[in-house]
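# Survey of secondary and tertiary structure
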Amino acid sequence: MSPRSRAFPRRLRWTALAAALAAGPALAGGTLRVCADPDNLPYSNLGQEGYENKIAQVLAQDLHARVAYTWLKQRQSFFRQTLGADRCDVVISVPGGFERVRTTRPYYRSGYVVVSQRQRGLDFQSYDDPVLRGLKIGLHTVGNDGSNSPPAVALGRHGLANNIFGFSLWGGASVKQPQGQIIEAVARGRIDMAIVWGPFGGYYAARYGDALAVRPAPNDAGMPGMPFAYDIAMGVRKDDQALAARLDAAIERRRDDIQRILSAYHLPLIEPDLGPPGSPADAAPAHPSNHEGK
């Protein structure tokens with residue numbers, strides 16, 4: 001065998017080794033056990049059409065694993081009945097620094113948005129703006145734990161409680177995709193604007209093409225301790241440092257793929273605060289997203 005012919009398979013071996021190292025170590029047990037909501041687009045559904053489903057598949061591929069789901073509606077006690085009951089190992093979207101789990105590094109950041117009909121040109125920079133006084137403003141209502149979203153608190157502080165029209169984030173069992181009904185109400189003119197969590201606003205407004213405008217909701221200067229934007233990370237059990245570390249590495253390796261998925265679902269993105277793993281960049285209460293009061 002000539003030196004040239006001997007070098008070729010050696011180069012192949014190094015190429016294969018480099019590819020294996022880039023893909024990362026295999027996940028123990030060969031399964032990425034994910035807990036998700038069976039009907040909560042754009043996050044997840046039984047048909048695995050949500051962006052959480054797509055991201056879970058990307059991470060599982062990176063970790064040489066398959067995805068196995070435990071489905072549960074994200075209601076009260078979701079985390080106790082899922083991660084806490086060892087029915088799964090990861091929840092794909094939780095607020096960064098969420099106190100009930102160990103969080104990975106954030107993989108995106110988003111905020112509350114204002115959705116209105118583009119042709120009306122509605123906009124405001126402060127909750128004191130007189131333009132808000134005559135408007136019907138839709139908000140998602142969640143749970144029964146008494147907590148309110150930042151937009152609800154801001155509107156209430158500025159005497160606009162009577163302008164609020166509530167839309168259930170979860171709806172009844174017979175309601176299909178209740179998360180999008182508030183955006184449909186804007187498109188049909190039943191309300192003037194909606195102030196909703198960014199992933200819901202971006203995803204459902206995109207269904208109406210350019211007819212609806214999606215803008216960041218302003219912070220309320222009188223509530224400096226209540227942010228309107230949050231880092232979003234993945235959540236594992238607090239004692240599962242090993243899985244958190246593997247997910248952190250996989251997120252970094254597949255960050256471009258994850259960003260493409262988020263863009264495809266029209267999520268309004270803000271540059272994430274990439275602090276150390278598990279750091280409470282914006283130590284989130286139960287808000288935002290679909291994990292309110294769990």
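Described below are features of the structure shown in this document. In this text the structure is predicted, and so the values were computed from the model without any measurement. (Residues numbered from 1 in each chain as written. Predicted model: local features only at pLDDT ≥ 70, side-chain atom pairs only at ≥ 80, totals over all residues. Heavy atoms only, no water.)

### Observations concerning the packing of aromatic side chains
The description of two aromatic rings rests on the distance between their centres and on the angle between their planes. All told, the structure shown has 15 aromatic pairs when counted by the stated rule. A centroid spacing of 5.5 Å and a plane angle of 65 degrees characterise the contact between Tyr 112 and Trp 197, whose relative ring orientation is edge-to-face. With a gap of 85 residues between them, Tyr 112 in strand 7 (residues 108-117) and Trp 197 in strand 10 (residues 193-197) connect regions that are remote in the sequence. Accessibility assignment for this pair places Tyr 112 and Trp 197 in one class, buried. An angle of 75 degrees between the planes, with centres 6.2 Å apart, marks the rings of Tyr 112 and Phe 228 as edge-to-face. (Phe/Tyr/Trp six-rings, centres within 6.5 Å; stacked < 30°, edge-to-face > 60°. Helix = DSSP H or I, 4+ residues; strand = E, 2+ residues; numbered from the N terminus. Buried < 20%, exposed > 50% of the residue type's maximum accessible area, 1.4 Å probe, protein only.)

### A word on the packing of helix 2 (residues 51-62) against helix 8 (residues 255-264)
In contact at an axis separation of 10 Å, helix 2 and helix 8 are set at 165 degrees when each is read in the N-to-C sense. Relative to helix 8, helix 2 is oriented roughly antiparallel. Between helix 2 and helix 8 the crossing geometry is right-handed. Across the interface between the two elements, Tyr 51, Lys 54, Ile 55, Val 58 and Leu 59 of helix 2 pack against Asp 257, Ile 258, Ile 261 and Leu 262 of helix 8. Residues that form the contact of helix 2 with helix 8 fall into these classes: 7 nonpolar, no polar and 2 charged. (Axes fitted to C-alpha atoms, helices over the stretch in contact; angles between N-to-C directions. Parallel < 35°, antiparallel > 145°, perpendicular 65-115°, else oblique. Left-handed = near helix turned anticlockwise from the far one by under 90°. Contact = heavy atoms within 4.5 Å. Nonpolar A, V, L, I, M, F, W, Y, C, P; charged D, E, K, R; others polar.)

### Some words on helix 4 (residues 150-157)
Among all positions of helix 4, only Pro 150, Pro 151, Ala 152, Ala 154 and Leu 155 are buried. Next to the buried residues of helix 4 lie strand 7, strand 8 (137-141), strand 9 (164-168), strand 10 and strand 12 (229-236). Remark: Gly 159 follows helix 4 within two positions and exhibits a positive phi of approximately 70 degrees.

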